[in-house]
Amino acid sequence: MSPTSRRAPLALVIAAASIPMFMAMLDNLVVTNALPVLAVELDASLEHLQWFINAYSLSFASFILMAVALGDRLGRRRVFMSGIALFTIASVLCALAGTPEQLIGARVLQGIGAAALLPLSLAILSTNVEPRQRPLAIGVWGGVAGLGVALGPVIGGAVVEGMTWHAIFWLNVPVGLLSLPLIRFALKETYGDRVRLDLTGLVLGMAGVFGVVFGIVRGNEAGWTSPQVLAGLIGGSLLLAAFVLWERRATAPLLPLALFRDRSFSAANGVGMIFSLGMFGSVFILIQFLQVVQGRSPLEAGVLTMPWTMAPLVIAPITGILTPRVGTRALIVSGLVSQAAGLAWLASILAPDVTYAAMVPAFVLCGVGMALVFAPSATAVLANMRDADHAKASGTNSTVREVGVALGIAILAAVFTGAGGTFTPDGYTDAAVRAVYVGAAFLALAAVIGTQLPSRAAAQASADSHAAEEDALEPALVPAR
C-alpha cells in the first residue's frame, strides 16, 4: 500500500510534520546562545554577530513564499523533503566554517532550506489530519515549536561548553537524515494551485527587505546619513513599495494580497511581525547579558532561561485545545500583554548584580505569554482559508514573522549601540535596559493589534460559513501521481 492511499496514525503524522520544523526553530536560539563564543573564536564583530542570525532569518523569510509556490506546484511533501536535504547540507557547511564570512554564507543556504520547513510543515499537517483533529494537531505542533525555543539555549550551551561551537550544527545532520524516511511513510502528498512562479516578486521582496535591514544594521557604524545606509533604507523601502504594486497586478502573485481581506488573517500577521520583532530582538540582548555581564557559561545561561523557554512546551498544547472554546483573540492578547509586562519587568531590574531569583518571575511571565501566542496564531491564520491556500497563508505568516526577527535584532541592536553599549561587563547593562524597554513597547503594540482579531462568536460564524462552502466544493486533497 502506497503512503498516499492510507492514513498514518495521528502521532506519526504530527511527528513527521513537526520534527523538521523543530530543527529549524532550534537553530535560531542555538546560535544566539553561542554568540559570545563565536565572537571570540571567529574574531567576530557585533555586526558579524547580527548577521549570523539575520543571514538565516532574511534568507528564510525571502524564500518562504517561493517554497510554498513550488510546493503547491510540485508537491508539498516533495519540496518539504528537498528543504530538509538542503538544510542538512548547509548545516555541514556551517560546522566547517572557519571565518565569519564563511559562516554567514552557510547560514544563508541554511535559511533557504529552512524556508520550506515551517510553512509547509503546517500546511502538510493541516491537510493530513481530519478537520476535527486540527486544533489538537496544531496545538501539539505549537508545542513542538515551543520545544525548539525551549531547548535551543540549553542544547547550544551544553554543546558549546562541553564540545565546540561547530557541534551545534552537526546536531542537525542525524535529525535531517532520520526525518526523510519518516515523512515518506507518514505523510500524503498534497498540492495547491499550480500557477506560474512569481520570480519578479521574489527578487523585489527579497532585495527590499535586505536593503532595509542592511541600513538598520549599518546605521550606527557607518552613520545614519551615510550613502550606504540611506541607499539601504530608501532603496529598500522603494523596492518593497514596488513589490506591493507588482503583487497587486501579478496574475500569480508570490504574496496573494487578497488573503489580507480576511480580518483574522490580517490581524494575525500584524501580531506575528511585531511579536517577533519585540520578543526575539529582546532575547538577542538578554541572553548575552547573562554571559557578558554576569559571567555565566553558555550552558548556565541556557539553563537559567528555562523558566522562560520551557513554558511554551507545557502551555502551547493546552492553548490548542482551549482555542475552540475561548477563541484566538483572548489568548493572543493575553499572551502579548504578559510578554510586554515581563520584558518591562526585566528591564526595570536589569543590573550587573541582579539576582537570578529576581528575574525568574519575569522569565515565567514572558514564557507563558509566548505560549499563549504560538498555537492560537497558527489557528487564526488558517481559520478562513481554503485547504488549497493553507500553504500560502502559513507561508505568508512565516515570512512576516522571520522579517520581524531580522528587524527586531537589527533595531534593538541599533538601540543598544546608539546608547553606547559595548560587549564588556561595564559597558553592556545600561544600553541593554534601553533596548529591552523598546522590545516591551513593541509587544504592547502587538497587543493593540491583537484586539482587532475577530471575537469567538464572529470567528465561529465565519468558520461555519467556510465549512459549508468547503463541503460544496471538490476536496482539495489531490492524490500524488
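Scope of this entry: the structure provided in the associated data block.

Cut-offs applied
Note that residues are indexed from 1 along each chain, following the sequence as it is written. Where local features are concerned, this predicted model is filtered to residues with pLDDT of at least 70; where side-chain atom pairs are given and counted, the filter is 80 or more; whole-chain, interface and lining totals use all residues. The side-chain numbers reported here are obtained from all heavy atoms of the structure, hydrogens and water having been left aside. Counting from the N terminus, the helices are DSSP H or I runs at least four residues long and the strands are E runs at least two residues long. Note on method: radius of gyration uses C-alpha positions; expected globular size equals 2.2 Å times residues raised to 0.38. Methods summary: accessible areas were calculated by the Shrake-Rupley approach with a probe of 1.4 Å, and residue burial reflects only the protein chains presented. Charged-residue counts in this description rest on Lys and Arg as positive and Asp and Glu as negative, His and the chain ends being excluded. Charge coordinates come from a single atom per side chain, which is NZ of Lys, CZ of Arg, CG of Asp or CD of Glu. Like charges within 9 Å and nonpolar side chains (Val, Leu, Ile, Met, Phe, Trp, Tyr) within 5 Å are joined into patches, using only residues over 30% in relative accessible area that form no salt bridge. A pair is scored as a salt bridge if a Lys or Arg side-chain nitrogen falls within 4 Å of a carboxyl oxygen belonging to Asp or Glu. Each residue is placed in one exposure class: buried if its accessible area under a 1.4 Å probe, protein chains only, is under 20% of its type's maximum, exposed if it is over 50%, and partly exposed if it falls in between. Here, expected helix span is obtained from the residue count minus one, scaled by 1.5 Å. Fitting axes to the seven residues that end at a residue and to the seven that start at it, the angle between those axes gives the bend at that residue. All axes here are fitted lines through C-alpha atoms, helices being fitted over the stretch that makes contact, and every angle between N-to-C directions spans 0 to 180 degrees. Relative orientations are named as follows: roughly parallel for angles under 35 degrees, roughly antiparallel for angles over 145 degrees, roughly perpendicular for angles from 65 to 115 degrees, and oblique for any other angle. For any pair of crossing helices, the crossing counts as left-handed if the nearer helix is rotated counterclockwise from the farther one by less than a right angle, and right-handed if it is rotated clockwise. Ten residues, namely Ala, Val, Leu, Ile, Met, Phe, Trp, Tyr, Cys and Pro, are considered nonpolar, four, namely Asp, Glu, Lys and Arg, are considered charged, and the remaining ones, Gly among them, are considered polar. Contacts were defined at the residue level, with two residues in contact if any of their heavy atoms lie within 4.5 Å. Under this definition, polar contacts are N or O atom pairs within 3.5 Å; protein pairs additionally need one hydrogen-donor-capable and one acceptor-capable atom, and for neighbouring residues in sequence, both atoms have to be side-chain atoms. As used here, the term nonpolar core means buried Ala, Val, Leu, Ile, Met, Phe, Trp, Tyr and Cys residues forming a set that is joined through side-chain atoms within 4.5 Å.

A count of helices and strands for the protein gives 19 helices and zero strands. The C-alpha atoms of the protein give a radius of gyration of 21 Å, which matches the 23 Å a tight globule of 481 residues would have. Along the three orthogonal principal directions, the C-alpha set of the protein runs to about 65 × 45 × 40 Å. Carbon together with sulfur atoms contributes 67% to the accessible area of the protein, which is approximately 17800 Å² in total. If the 27 positive side-chain charges of the protein are averaged to one point and the 26 negative ones to another, these points end up 11 Å apart.

Right, let's get into a nonpolar patch on the surface. Together, L86, I89, L93 and L109 make up a nonpolar patch on the protein surface, roughly 320 Å² of accessible area in all. When residues of the nonpolar patch are assigned to their parent elements, the largest contribution, three residues, is made by helix α3 (residues 76-96). Relative to the helices and strands, L86 is located in helix α3. For L86, a relative accessible area of 31% gives the class partly exposed.

For helix α16 (residues 356-382), spanning 27 residues, the distance from its first C-alpha to its last is 40 Å, which sits close to the expected 39 Å at 1.5 Å a residue. For α16, the principal kink sits at P376 and spans about 25 degrees.

All right, on to the packing of helix α2 (residues 46-74) against helix α17 (residues 390-418) then. Between α2 and α17, whose axes approach to 9 Å, the crossing angle comes to 165 degrees. The angle between the axes of α2 and α17 places the two elements in the roughly antiparallel class. In terms of crossing hand, the pair formed by α2 and α17 is left-handed. Across the contact of α2 with α17, the residue classes break down as 16 nonpolar, eight polar and three charged.

For Q110, the location among the structural elements is in helix α4 (residues 100-114). Aside from chain neighbours lying at most four places away, what touches Q110 is D27, Y56, F87, A90, S91, C94, F169 and N172.

Locating S45 in the fold gives a position in the loop between α1 (10-41) and α2. Along the backbone, S45 and Q110 are 65 residues apart, and their C-alpha atoms lie at a distance of 21 Å.

Let us now look at unusual backbone geometry. The phi torsion of most residues other than glycine is negative, and most of the peptide bonds are trans. Residue D43 is not a glycine yet carries a positive backbone phi of 50 degrees. Relative to the helices and strands, D43 is located in the loop between α1 and α2.

The next subject is the side chain of N172. Examined against the element boundaries, N172 turns out to sit in helix α8 (residues 172-186). Take N172: its relative accessible area is 2%, and that puts it in the buried class. There is a polar contact of 3.0 Å between the side chain of N172 and the side chain of S91. Excluding residues that lie within four positions of it along the chain, N172 makes contacts with M23, D27, F87, T88, S91 and Q110.

Time to look at the environment of S121. Within the secondary structure, S121 is located in helix α5 (residues 118-128). With a relative accessible area of 0%, S121 lands in the buried category. Sequence-wise, S121 and F80 are 41 residues apart; in three dimensions their C-alpha atoms are separated by 7.4 Å. If near-sequence neighbours (up to four positions away) are discounted, S121 is found in contact with A17, M21, F80 and W141.

Below, the discussion takes up the nonpolar core. Nonpolar side chains in soluble globular proteins tend to be buried together. Counting residues in hydrophobic clusters, the biggest one holds 136 residues, and the most contacted among them are F52, F275, W308 and L343. Per-element tally for this core: the top contributor is α1, with 17 residues. Discounting residues that sit within four places of it in the chain, W308 has contacts with M279, V283, L286, L343, L346, F363, C366, G367 and M370. Within the second largest apolar cluster, seven residues are counted, among which are L65, M66, L204 and L255.

Time to look at the environment of A222. Here A222 lies in helix α9 (residues 199-222). The contacts of A222, once residues within four sequence positions are left out, are Q228 and V229.

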